[in-house]
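Notes for the structure review
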Amino acid sequence: MSATTGIGTLTVRPLDPLKDAELLHSWVTHPKAAYWMMQDAKLQDVEREYMRIAAHEHHHAYLGLHEGRPAFLMETYDPRYVELVGLYDPEPGDVGMHFLVAPTDRPIHGFTKAVITAVMDELFADPRTRRVVVEPDVGNKAVHALNEAVGFVAEREIDKPEKRALLSFCTREQFLAARGVAV
C-alpha cells in the first residue's frame, strides 16, 4: 500500500515481530492504547504475540509508515478462523481488521481518519474483499465515530472472551459512499 493523502504519504510493510517488537511495545503499553488490552505486556509478551500472528495462516500484521516513519499498526484476519469464530455467520469476502495509531506528542489533525481510510483502501484493493468486519470495545466511542465516518454500520453487541464488542460491517459500496464516491 502507498497512499498519498492530505497529511502525506502512508505505506505499509509486513511487520517483523522481532525487529519491530520494541517499537510496538512502546505503542501497545501507552495509556492511549488501553483498548488494545496490552497495557501490562512485557517486551517478550509483545514479541510472542506478534510471532504467533506471523505464524498464523489467517492473521497478518503490518507496520504503517507516515512519510517513511513508523506511525501505525494494521492487522487483518479471516473471521472464519480468528477473533469471531462462532460469534456471527461470516460471508464470503469478509475480512477482519484492527488498527492502532502510534502515540505522539505532535498530533496531526485528520491523521487517524487518513490512516483508517488508507487501511480500508488497502483492504478493498483486493477484489476478493466484499466486506470489512470490526469488533471494537463497546466503550470505545471515538473509534465507533471513526468507523461510522468511513462507512461502517454497527450490527449488534457481542461477547468476546476479553470484552463486550460492537460488531460492525462496511461493504465496498458503503466505504465509497462515505468517501463521496459515486457507486
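Residues numbered from 1 in each chain as written. Predicted model: local features only at pLDDT ≥ 70, side-chain atom pairs only at ≥ 80, totals over all residues. Heavy atoms only, no water.

Details of the overall build of the protein chain
Quick reminder of the rule: Runs of E in the DSSP output that reach at least two residues are strands. Runs of H or I that reach at least four are helices, and both are numbered from the N terminus. A radius of gyration in this sense is built from C-alpha atoms; the matching globule rule multiplies 2.2 Å by the number of residues raised to 0.38. Contacts were defined at the residue level, with two residues in contact if any of their heavy atoms lie within 4.5 Å. In these tables, accessible area is a Shrake-Rupley quantity obtained with a 1.4 Å probe, and a residue counts as shielded only by the protein chains included in the view.
Scanning the protein chain for helices and strands turns up 5 helices and 8 strands. Secondary structure elements of the protein chain, listed N to C terminal, follow the sequence β-β-α-α-β-β-β-α-β-α-β-β-α. Relative to its length of 183 residues, the protein chain is compact, with a C-alpha radius of gyration of 16 Å against a globular reference of 16 Å. The C-alpha extent of the protein chain, read off along each of the three principal axes, is 45 × 40 × 30 Å. Taking as baseline every contact in the protein chain between residues at least 6 positions apart, the subset at least 24 positions apart corresponds to 59%. For the protein chain, the computed accessible surface area is about 9,700 Å², with 52% contributed by carbon and sulfur atoms.

Overview of helix α4 (residues 141-149)
Under the convention used in this document: Here the term buried applies to any residue with accessible area under 20% of the maximum for its type, exposed to any over 50%, and partly exposed to those in between, with areas from a 1.4 Å probe on protein chains only. Starting at the helix axis, one direction is taken to each C-beta atom, and the arc is that of these directions.
Listed as buried for α4 are V143, H144, L146 and N147. Down the axis, α4 shows its buried residues gathered within 165 degrees of arc, on one side only. Facing away from the buried side of α4 by more than 90 degrees, the exposed set consists of K141, A142 and E148.

Observations regarding the pairing of strand β6 (residues 131-134)
Selection rule: Note on pairing: DSSP must find at least two bridges between two strands before they are called paired. We call a crossover right-handed when, viewed with both strands directed away from the observer, the connection leading from the first strand over the helix to the second proceeds clockwise.
With burial as the criterion, each face of β6 is covered, one bearing R131 and V133 and the other bearing V132 and V134. Pairing of strand β5 (residues 94-101) with β6 involves 3 bridges; the strand directions are parallel. In the strand pairing of β6, D94 is matched with R131. Between β5 and its parallel partner β6, the chain crosses via helix α3 (residues 111-124), and the hand of that crossover is right-handed. Relative to strand β8 (residues 164-171), β6 is paired through 4 bridges, and the arrangement is antiparallel.

Some remarks on the packing of helix α1 (residues 21-28) against helix α2 (residues 43-55)
What counts here: Axis angles are defined between N-to-C directions and span 0 to 180 degrees, where every axis is a line fitted to C-alpha atoms and, for a helix, only to the segment in contact. The cut-offs work like this: below 35 degrees is roughly parallel, past 145 is roughly antiparallel, 65 to 115 is roughly perpendicular, and the gaps in between are oblique. Under the convention adopted here, Pro, Cys and the residues Ala, Val, Leu, Ile, Met, Phe, Trp and Tyr are nonpolar, Asp, Glu, Lys and Arg are charged, and Gly plus all remaining residues are polar.
Two elements in contact, α1 and α2, have axes separated by 9 Å at closest approach and are oriented at 110 degrees. The orientation of α1 with respect to α2, classified from their angle, is roughly perpendicular. Side by side, α1 and α2 meet where A21, E22, L24, H25 and V28 of the first sit next to L43, V46, E47 and Y50 of the second. When grouped by side-chain class, the residues that make up the contact of α1 with α2 number 6 nonpolar, 1 polar and 2 charged.

Section: the pattern of salt bridges
Selection criterion: Between Lys or Arg on one side and Asp or Glu on the other, a salt bridge is scored when a side-chain nitrogen of the former is within 4 Å of a carboxyl oxygen of the latter.
Taken as a whole and assessed by the stated rule, the structure comprises 15 salt bridges. Residue R80 pairs with D78 through a salt bridge whose shortest N-O separation is 2.6 Å. Exposure remark for R80: the relative accessible area of 49% places this residue in the partly exposed category. For the salt bridge of D94 with R131, the shortest nitrogen-to-oxygen distance reads 2.9 Å. Of this pair, D94 sits in strand β5 while R131 sits in strand β6, and the two are 37 residues apart along the sequence. For the pair shown, D94 and R131 are each scored as buried.

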